[in-house]
Amino acid sequence: MVETTTRRTMLKSGVAAAIAALLSSPRQSSGHQVKEYPDSMGVLVDLGRCVGCRSCEAACNAEQGLPEPEKPFNDMTVFDEVAHGRQRRTDETRYTVVNRYAVPGREHPLFRKIQCNHCQEPACLTSCFVNAYTKTPEGAVIYNQDVCVGCRTCMIACPFYIPAFKYSSAFAPRIQKCVFCYDTRLKYGKPPACVEACPQEALVFGRRRDLIKVGRRRIEEHPDRYVDHIYGEYEAGGTSWLYLSPVPFAAIGFNTELPHAPILDSVKNFLGIVPMVLTIWPALFAGFHLLATRKETAAGGAADHPEEEKR
């Protein structure tokens, strides 16, 4: 009995210590300065110019070697598709989508292009404990499938709900999302395929800091045409994809509740214990298994030798 009591005491102490460690703040929250990327490129999207032609979708599909869609890119019935109460979103077969929005008071609908926004301080990168994500000096947030373990924490962390999991390949965990055409274009100074394909010049490629100036100038010159805000300049610490809109952003599906500080600032204490969780919990469960196995072995031995147990 002494040995059993000691084990239980040690186990309780271990669990208590683990919980205390998990609940304690590993780092104190403090003011955060958004990282500067002097060479960061970006795209300014003028939603007032987009006509919903889906040329950007077709260009992305061809550039990234994605499978042909069930409906051709000139089939506009896709704008009527709704799944689980939501309009189309990016997935393993499409890295960008264009959705249509009917805005009360407007004669014509508005169209919005959706893809990874390539945050200045990506929550997906911060949340990934195996470092599968990289923020390049050019502004792209790229992904290394060779080290991904398929935990999908990045999908939860992303404030824009962009990373998608490749469910069709259960034995090869892989997250799918826009990579800013980094390997084929961006690192060579070329614009993404979607930008080059846009016939309305709704997408403008350039240095992020210059695009912000362009956006502000358009707003100043045409205050009746644009909402006085560049979405992505500050949201979640800033993004490489920036938007101008003729209507309030909330009316066309944008999350307008995001803080200006990086998502990192809100979750840094939680993310700081992720490595600890991965270290402590496997050890604890291994301990549980070891104790249970030894107990079963001891019980089995006593059953095999009842005479010895009585002595």
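Residues numbered from 1 in each chain as written. Predicted model: local features only at pLDDT ≥ 70, side-chain atom pairs only at ≥ 80, totals over all residues. Heavy atoms only, no water.

Student: I keep staring at the overall build of the protein and nothing clicks. Help me out?
Tutor: When helices and strands are counted, the protein shows 9 helices and 9 strands. Taking all 311 residues of the protein together, 38% fall into the buried category. Sequence separation of 24 or more characterises 62% of the internal contacts of the protein that already satisfy a separation of 6 or more. Accessible surface for the protein amounts to roughly 17,600 Å². Of this, 55% is attributable to carbon and sulfur atoms. (Helix = DSSP H or I, 4+ residues; strand = E, 2+ residues; numbered from the N terminus. Buried < 20%, exposed > 50% of the residue type's maximum accessible area, 1.4 Å probe, protein only. Contact = heavy atoms within 4.5 Å. Areas by Shrake-Rupley, 256 points an atom, 1.4 Å probe, with all protein chains shown as cover.)

Student: Would you take a moment to explain the packing of aromatic side chains for this structure?
Tutor: Each aromatic ring pair is characterised by the separation of its centres together with the angle its planes make. For the structure on display, the rule yields 7 aromatic pairs. Between tyrosine 231 and phenylalanine 249, the aromatic rings sit 5.4 Å apart at their centres with planes inclined by 40 degrees, giving tilted as the arrangement. Remark: phenylalanine 249 occurs in the loop between β9 (241-244) and α7 (263-272) and tyrosine 231 occurs in the loop between α6 (208-221) and β9; sequence separation between them is 18 residues. When sorted by exposure, tyrosine 231 lands in the same class as phenylalanine 249, which is buried. Relative to phenylalanine 254, the ring of tyrosine 243 has its centre 5.0 Å away and its plane inclined at 70 degrees; by these criteria the two rings are edge-to-face. Taken together, the residues span a long stretch of sequence, with tyrosine 243 in strand β9 and phenylalanine 254 in the loop between β9 and α7 at a distance of 11 residues. For tyrosine 243, a relative accessible area of 2% gives the class buried. Using a relative accessible area of 6% as the deciding quantity, one classes phenylalanine 254 as buried. (Phe/Tyr/Trp six-rings, centres within 6.5 Å; stacked < 30°, edge-to-face > 60°.)

Student: It is not clear to me how the pattern of salt bridges should be interpreted in this structure. Could you clarify?
Tutor: Think of it this way: side chains of opposite charge can pair up when their charged atoms draw near. For the structure on display, the rule yields 12 salt bridges. We note a salt bridge from arginine 218 to aspartate 46, for which the minimum N-O separation is 3.0 Å. Separated by 172 residues along the polypeptide, arginine 218 in helix α6 and aspartate 46 in strand β1 (residues 41-46) bring together distant segments of the chain. Comparing arginine 218 with aspartate 46 shows no difference in burial state: the two are buried. In this structure, a network of salt bridges that share partners links the residues Asp46, Arg49 and Arg218. (Salt bridge = Lys/Arg side-chain N within 4 Å of Asp/Glu carboxyl O.)

Student: Looking at this model, I keep getting lost on the environment of valine 78. Mind explaining?
Tutor: Topologically, valine 78 is positioned in the loop between α2 (55-64) and β2 (97-101). The exposure class of valine 78 is buried, given its relative accessible area of 4%. Beyond its immediate stretch of four places on either side in the chain, valine 78 contacts Arg54, Lys71 and Arg88.

Student: I would appreciate a short explanation of the nonpolar core in the present structure.
Tutor: Judged by nonpolar contacts, the single largest core of 40 residues is most densely connected at Leu203, Trp241, Tyr243 and Ile252. Taken together, the elements giving at least two residues each to this core come down to β1, α2, β2, β3 (110-114), α5 (193-197) and β9. Among residues more than four places away in sequence, those in contact with isoleucine 252 are Leu47, Tyr101, Val103, Leu110, Arg112, Ser245 and Val247. Grouped together as the second largest cluster of nonpolar side chains are 10 residues, Ala132, Tyr143, Cys148 and Phe165 included. (Core = buried A, V, L, I, M, F, W, Y, C linked by side-chain atoms within 4.5 Å.)

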